[in-house]
Amino acid sequence: DAGVTQSPTHLIKTRGQQVTLRCSPKSGHDTVSWYQQALGQGPQFIFQYYEEEERQRGNFPDRFSGHQFPNYSSELNVNALLLGDSALYLCASSYAPGRGYEQYFGPGTRLTVT
Amino acid sequence: GQQVMQIPQYQHVQEGEDFTTYCNSSTTLSNIQWYKQRPGGHPVFLIQLVKSGEVKKQKRLTFQFGEAKKNSSLHITATQTTDVGTYFCVSIQGAQKLVFGQGTRLTINP
């Protein structure tokens, strides 16, 4: 049983470009959350998707958008990249509330903006 | 929101020594989770505490939730090199939104 998978592992982009990160949840999970982790900091919640809709959002600008597909996989899109967007982007999957509370994190995508 | 503060930020111990990290909130927490992140790795769920005064043990790890549900602690007895990593306490807001503390980074001298 595969856990949470993310692609790509590493990515280097230039300021102003756009990037798409992908996440496949753990088998059986239907909820996907995205987090940004800057070096030496704790992960910061970006948003959460359930039933193909954004259910919750953290304090991130509209440049950060996402999508969830019918198979529960998800994408994170970041437009107009800034140097400060350089971070580890983590995807976490879980069951919908009421069915479980543990979140499983993927290995992350390391994004470097130059 | 329910922010959580962790102390210490860093802790270095000799292998075999005990280790404790503390988590505090200015508001009452509905529950709290603990995660461990190894260097270069991703956060891994350790435990969830829900009840006031709750104490849970996992082998050498002891987790406590304060009576007022405003603080929590993680204690590791007789640390081993496999315990190296950053330990995060996490509050849950809304439907599964995790709010991480800044973490306590544990390093161990073998």
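The preceding data block contains the structure.
Residues numbered from 1 in each chain as written. Chains lettered and ligands numbered in written order. Predicted model: local features only at pLDDT ≥ 70, side-chain atom pairs only at ≥ 80, totals over all residues. Heavy atoms only, no water.

Draft legend 1. Examining the overall build of chain B more closely. Looking only at helices and strands, chain B has 0 helices and 11 strands in total. The N-to-C order of helical and strand elements in chain B reads β-β-β-β-β-β-β-β-β-β-β. A compact globule built from 110 residues should have a C-alpha radius of gyration of about 13 Å, and chain B, at 13 Å, falls within 12% of that. Each of the three principal axes of chain B carries a C-alpha extent, and together these read 40 × 30 × 20 Å. Burial analysis of chain B (110 residues in total) assigns 50% to the buried set. In chain B, 54% of the contacts between residues at least 6 apart in sequence involve partners at least 24 apart. Taking the average place of the 11 positive charges on the side chains of chain B and the average place of its 6 negative ones, the gap between the two points comes to 10 Å. (Helix = DSSP H or I, 4+ residues; strand = E, 2+ residues; numbered from the N terminus. Rg over C-alpha atoms; globule rule 2.2 N^0.38 Å. Buried < 20%, exposed > 50% of the residue type's maximum accessible area, 1.4 Å probe, protein only. Contact = heavy atoms within 4.5 Å. Lys, Arg positive; Asp, Glu negative; His and termini not counted. Charge placed at Lys NZ, Arg CZ, Asp CG, Glu CD.)

Draft legend 2. Representation of the sheet that holds strand S3 (residues 19–24) of chain A. All names here are of chain A. With antiparallel pairing, 4 strands are arranged side by side in an open sheet as S1-S3-S8-S7. The sheet is open, and its two borders are formed by strand S1 (5–7) and strand S7 (64–68), each paired with just one other strand. Sheet twist, expressed as the mean angle between neighbouring strand axes with direction ignored, is 20°. Pairing geometry for S3 and strand S8 (residues 74–78), over 5 bridges, is antiparallel. Within S8, the residue paired with Val19 across the bridge is Val78. (Pairing = 2+ DSSP bridges. Axes fitted to C-alpha atoms, helices over the stretch in contact; angles between N-to-C directions.)

Draft legend 3. Fine view of the side chain of Gln6 of chain B. With respect to the helices, strands and loops of the structure, Gln6 of chain B is situated in strand S1 (residues 4–7). Within polar-contact distance, the side chain of Gln6 of chain B engages the side chain of Thr21 of chain B at 3.4 Å. (Polar contact = N/O pair within 3.5 Å; in protein donor to acceptor, adjacent residues only side chain to side chain.)

Draft legend 4. Fine view of the interface of chain B and chain A. Counting residues at the interface gives 18 residues for chain B, matched by 25 residues for chain A. Run the count over chain B and chain A and you get 0 salt bridges. Breaking the side of chain B that touches chain A down by element, the ones donating at least two residues are strand S4 (32–37), strand S5 (43–49), strand S9 (85–93) and strand S10 (97–100) of chain B. Of the residues assigned to the side of chain B that touches chain A, the class counts are 7 nonpolar, 10 polar and 1 charged. (Salt bridge = Lys/Arg side-chain N within 4 Å of Asp/Glu carboxyl O. Nonpolar A, V, L, I, M, F, W, Y, C, P; charged D, E, K, R; others polar.)

Draft legend 5. Geometry of the pairing of S1 of chain B. All names here are of chain B. By the alternation rule, side chains of S1 split into Val4 and Gln6, which are all buried, and Met5 and Ile7, of which none is buried. Two strands pair when backbone bridges link them, and S1 and strand S3 (residues 19–25) are joined in this way by 4 bridges, in the antiparallel orientation. Across the sheet, residue Met5 finds its bridge partner in S3, namely Asn24.

Draft legend 6. Spotlight on the sheet that holds strand S7 (residues 61–65) of chain B. Residues and elements named next belong to chain B. Overall, antiparallel pairing links the 5 strands, which are arranged S1-S3-S8-S7-S6 in an open sheet. For this open sheet the edge positions go to S1 and strand S6 (55–58), each flanked by a neighbour on one side alone. The mean inter-strand angle of the sheet, taken between neighbouring strand axes irrespective of direction, is 15°. With 5 bridges joining them, S7 and strand S8 (residues 71–76) adopt antiparallel strand pairing. Bridging from a neighbouring strand, Thr62 pairs with His75 of S8.

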